[in-house]
Amino acid sequence: MLSELEIQAVIGFTGRITQGLILHPDNEHIIYPLGSTIVVRHIISRAQTFLRGHDNQISVITVSRSGDYVASGQRTYMGFQADIIIWDFKERSMIHRLKLHKVLIQSLSFSYNELYLASLGGIDDKNMLIVWDIKAGKALYGTPNRDPVNQVQFYNQSDEKMIAVLNTGVQILTIDKQNKKIQSVDVSFGNVKRTFTCVAIDKNDKYCYCGTKTGDVFEIQMDMAIYKRLAPVKKLFSQGVNCLGLLPNGDIIVGAGDGMIAKVSYQTMQIVASSELLGGVTSITFTNDYTHFFTGTSQSNIYWLDTEKLLPELRNTCHYERINDVAFPHNYSDVFATSSLNDIRVWNAKNRQELLRIQVPNLECWAVAFMNDGKSIVSGWSDGKIRSFLPQSGRLMYVINDAHIHGCTSLTCTSDCQRIISGGSEGEVRVWEIGKQTQVMKSSMKEHRGRVWSIQVRRNNEQAVSASADGSCIIWDLKSFTRVMCLFESTLFKMVLYHPEESQLLTTGSDRKITYWETFDGQAIRMLDGSEEGEVNALAITKEGEHFVSGGEDKEVKLWGYDEGICYFKGQGHSGTITRITISPDQKSIISVGAEGAIFIWKMPESVINAKAQLELPTVQNVKKQSEPQQQSQQLQQSQQAPKDSQSQKSNPAAKSVKSGTKSSKK
């Protein structure tokens, strides 16, 4: 059995899930999904704990009234069962895993006294509604539905009544315990036709409010099963109503698809206050006193608002699209940068907060790197330009126009900070000389026939290696700008790395293999099966070269021993393809980024860190293993020189460092 990699922290929030952001009833924790992981974060200390049990993307999440239970459902592949997991919040452990639905869990709801859990399947599951016994973990009642159902919600004062929001209408459901059936009554809307999306029920179970894709809100009298009023008056919410919340005085908080959050008066059914947020509003969750609330958006932003004036305060932000690259500055582990659609973001690695956002609208950043002197962030974009930014302000330093046709897909910098080597989607590798005022192309090397996915430079800046989708890796001479060697394999190469000793290369690609190559003659030494399912996209190696990390389409981070070629640790948490992996310069953490927009920070195992410490012991032992005559003569010399040295050191404390400096300078 492989050991599990420990998650140190995550940066991310799956904002597209309706009501996916929940404030726990203790008013201290917020709960939200990230890929296949549920994150429980303390609001003040920002400490994170994780609920892990799903093997695919979480589609719905809910919390019971007391906060003792958390329930989550997932989506899976066609024909497979989709799991529902009931968690114990205090113990942060799994209570039941419920399996009956197929493909997708659409909605979940706990009953008033926490006796039952209602679950709703998707279209592929015939919109099946199942009521579960929470204590026993068994299904009690079930019924399919012809029309697609978007949400199911228990009443606030009853364990036997629910409301179901269909695409074409609303149903009031009653559990018939004697006949073991679920009875349904359709709400009458007269001639009005809408596509319904969500529901909110008032505390007394007299009225409920349903949002529509048209952008209006229906008030329904529940005991009569008939609609009473429409809101807002004369103005519709753009891109539909995504979520609703009710205040104690009856006012309605409406979250719209265009990012508007609005308060609608219960008496006049008119908009009283509103504000614009970044991304469509998907979640509304109130504090216990209803003075403030959190809201989540489809662009993965979390806002904190007051219920009076709806003044938004941004509390958390992260990527909402595929992350393409991640990079640390040279020998500095407190900060790292990620690149995605529209922007580059710089993060504080300790508190996981965003420090800087560099936005270039309507473009995608495919590659990002720090210059070794730390004075600039270099990036490659989908419009074929290379852009350099200041790392503190994000101000544009320079742009290399038309660096590559159809996009700059990879780049790296030399250690002297004077050259950039970039690769394009057409297969060209180009060397740019960076001056104070000018950026000049020194050479364009066109031998690849496919996209260049990765470029690495040797420490002496004399050679570089590039990996391409045409099935070749080429080692280039950066003095004569010619090919030194070419490595061929029947695969789409995705990543290439130099071993720290630079005598071997490590490659991976679409054939799921991790291959060791000799740089002297270009021969393949060893091939490992990097994955059983999908292609391997990312590799990173430790400074000593004893271990390396891989990740790809199987959504697992794997830690390997380099000499043994054995996988020792495995980390699960991503719900999308892992696109890039890097190891922090202090070798204490692994950072992986994925296609779902998540950043996972993994703790480097203690056994690996201890192994690195032990690597230094043999050198100390070798020094001690000297012949006895040599040791005796050295002791005599030291005893003669000791009084003089001690006197000089007492008089001048810096003498030691001065002496060492003069010795090194003579050498």
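Just so you know, these numbers come straight off a predicted model, no measurement behind them.

Conventions used here
Residues numbered from 1 in each chain as written. Predicted model: local features only at pLDDT ≥ 70, side-chain atom pairs only at ≥ 80, totals over all residues. Heavy atoms only, no water. Pairing = 2+ DSSP bridges. Helix = DSSP H or I, 4+ residues; strand = E, 2+ residues; numbered from the N terminus. Axes fitted to C-alpha atoms, helices over the stretch in contact; angles between N-to-C directions. UniProt positions renumbered as here; feature names shortened; annotations may be inferred. Buried < 20%, exposed > 50% of the residue type's maximum accessible area, 1.4 Å probe, protein only. Contact = heavy atoms within 4.5 Å. Polar contact = N/O pair within 3.5 Å; in protein donor to acceptor, adjacent residues only side chain to side chain. Salt bridge = Lys/Arg side-chain N within 4 Å of Asp/Glu carboxyl O. Phe/Tyr/Trp six-rings, centres within 6.5 Å; stacked < 30°, edge-to-face > 60°. Disulfide = S-S within 2.5 Å. pLDDT = per-residue confidence, 0-100.

### What to know about the sheet that holds strand S41 (residues 452-457)
One open sheet holds the four strands; their spatial order is S41-S42-S43-S44, and the pairing between them is antiparallel. At either margin of the open sheet sits one strand with a lone partner, and together these are S41 and strand S44 (482-488). Geometrically, the sheet is characterised by an average inter-axis angle of 20° between neighbouring strands, direction not taken into account. Sheet topology note: the strand S42 (residues 463-468)/strand S43 (residues 472-477) ladder contains five bridges and is antiparallel. Bridging across to S43, alanine 464 finds its partner in tryptophan 476.

### Here's the deal with the sheet that holds strand S12 (residues 116-121)
Within the open sheet, the four strands sit side by side as S11-S12-S13-S14. Their pairing is antiparallel. If you trace the sheet from one side to the other, it starts and ends with strand S11 (105-110) and strand S14 (138-143), each paired once. Between one strand and the next, the sheet's axes are offset by a mean angle of 20°, whatever the strand orientation. Two elements, S12 and strand S13 (residues 129-133), share five bridges in a ladder whose sense is antiparallel. For alanine 118, the partnering residue across the bridge sits in S13 and is valine 131.

### Some details on the UniProt feature "repeat: WD" (unreviewed entry) in the protein
Under the present numbering, the feature "repeat: WD" (unreviewed entry) in UniProt falls on residues 401-442, 445-486, 529-560 and 571-604. Taken as a whole, residues 445-486 contains 0% helix and 60% strand, while its terminal C-alpha atoms sit 13 Å from one another. Helix makes up 0% of residues 571-604 and strand makes up 56%, while its end C-alpha atoms are separated by 11 Å.

### Section: the side chain of threonine 412
Checked against the element boundaries, threonine 412 lands in strand S37 (residues 408-413). Under the relative-accessibility criterion, threonine 412 is labelled buried at 15%. Leaving out residues up to four positions away in the same chain, threonine 412 has contacts with Arg419, Ile420, Ile421, Ile455 and Val457.

### Let's talk about the environment of lysine 385
Relative to the elements of secondary structure, lysine 385 occurs in the loop between strand S34 (377-381) and strand S35 (386-389). For lysine 385, a relative accessible area of 26% corresponds to the partly exposed category. Between the alpha carbons of lysine 385 and cysteine 365 there is a distance of 9.9 Å; along the sequence they are 20 residues apart. Excluding its chain neighbours within four sequence positions, the residues that come into contact with lysine 385 are Ser379, Gly380, Val399, Ile400, Asn401, Asp402 and Cys408.

### Remarks on the side chain of histidine 319
By the element assignment, histidine 319 lies in the loop between strand S30 (312-316) and strand S31 (323-327). The class for histidine 319 is buried, based on a relative accessible area of 2%. Only 2.7 Å separates the side chain of histidine 319 from the side chain of threonine 338, close enough to count as a polar contact.

### Considerations on unusual backbone geometry
Omega for the bond connecting alanine 231 with proline 232 falls within 30 degrees of zero, at -10°, which places this linkage in the cis form. Phi angles above zero are rare outside glycine, and alanine 225 is one such case at about 55°. Positionally, alanine 225 belongs in the loop between strand S21 (217-221) and strand S22 (226-231). Positive phi values are uncommon outside glycine, yet tyrosine 290 reaches one of about 60°. Tyrosine 290 gets classed as partly exposed once you look at its relative accessible area, which sits at 23%.

### Observations regarding the pairing of strand S24 (residues 252-256)
Looking down a regular strand, the side chains alternate between one sheet face and the other. Taking burial as the measure, the five residues of S24 include five buried ones, the bulk of the element. The alternating pattern of S24 places Ile252, Val254 and Ala256 on one face and Ile253 and Gly255 on the opposite face, and all of these are buried. In this sheet, S24 lies alongside strand S23 (residues 241-246) in antiparallel orientation, the contact comprising five bridges. Residue pairing for S24: valine 241 is matched across the bridge by alanine 256. Count of turn residues in the S23/S24 antiparallel hairpin: five residues, of which glycine 250 carries a positive phi of about 100°. Bridge count for S24 against strand S25 (residues 260-264) is four bridges, and the pairing is antiparallel.

### Considering the pattern of salt bridges
On inspection of all chains with the given rule, the structure shows 21 salt bridges. Between glutamate 354 and arginine 357 there is a salt bridge; the shortest N-O distance is 3.1 Å. Look at glutamate 354 and you get partly exposed, because its relative accessible area is 25%. With a relative accessible area of 25%, arginine 357 lands in the partly exposed category. Here glutamate 447 ties to arginine 483 by a salt bridge, and the two come within 3.0 Å at their closest N and O atoms. Highlighted residues: glutamate 447 in the loop between strand S40 (439-446) and S41 and arginine 483 in strand S44, separated in sequence by 36 residues.

### So, the packing of aromatic side chains
With the rule as written, the count across this model stands at 17 aromatic pairs. Ring centres of tyrosine 516 and tyrosine 562 lie 4.7 Å apart, and the angle between their planes is 45°; on these two criteria the pair is classed as tilted. With a gap of 46 residues between them, tyrosine 516 in strand S47 (residues 513-518) and tyrosine 562 in the loop between strand S51 (556-561) and strand S52 (566-572) connect regions that are remote in the sequence. Exposure remark for tyrosine 516: the relative accessible area of 3% places this residue in the buried category. Overall, tyrosine 562 belongs to the buried group, its relative accessible area being 4%.

### Things to note about the environment of tyrosine 290
Residue placement: tyrosine 290 occurs in the loop between strand S27 (281-286) and strand S28 (292-297). Sequence separation of tyrosine 290 and threonine 307 is 17 residues, and the distance between their C-alpha atoms is 7.2 Å. Setting aside residues no more than four positions away along its own chain, tyrosine 290 makes contact with Lys203, Leu246, Leu247, Pro248 and Thr307.

### Topic: the state of the cysteines
Summed over the entire model, instances satisfying the criterion amount to zero disulfides. Cysteine cysteine 208 remains unbridged, with the sulfur of cysteine 210 as its closest cysteine sulfur at 4.3 Å. Under the relative-accessibility criterion, cysteine 208 is labelled buried at 0%. Between cysteine 365, a free cysteine, and cysteine 408, which holds the nearest cysteine sulfur, the sulfur-to-sulfur gap is 8.8 Å. What makes cysteine 365 buried here is its relative accessible area of 0%.

### With respect to the pairing of S37
Most of S37 is tucked away: six of the six residues are buried. Where S37 hands over to strand S38 (residues 419-424), the hairpin turn is made up of five residues, of which cysteine 417 adopts a positive phi near 65°.

### Thoughts on the environment of asparagine 204
On the secondary structure map, asparagine 204 appears in the loop between strand S19 (196-201) and strand S20 (207-212). Taking the C-alpha atoms as reference points, asparagine 204 and asparagine 156, separated by 48 residues in sequence, lie 7.1 Å from one another.

### Here we look at the confidence of the model for the protein
On average, the protein scores 88 in pLDDT, and the residues at 70 or more come to 91%. In the predicted structure, residues 617-667 sits below a pLDDT of 50 and forms seven contacts with residues beyond four places in sequence or in another chain.

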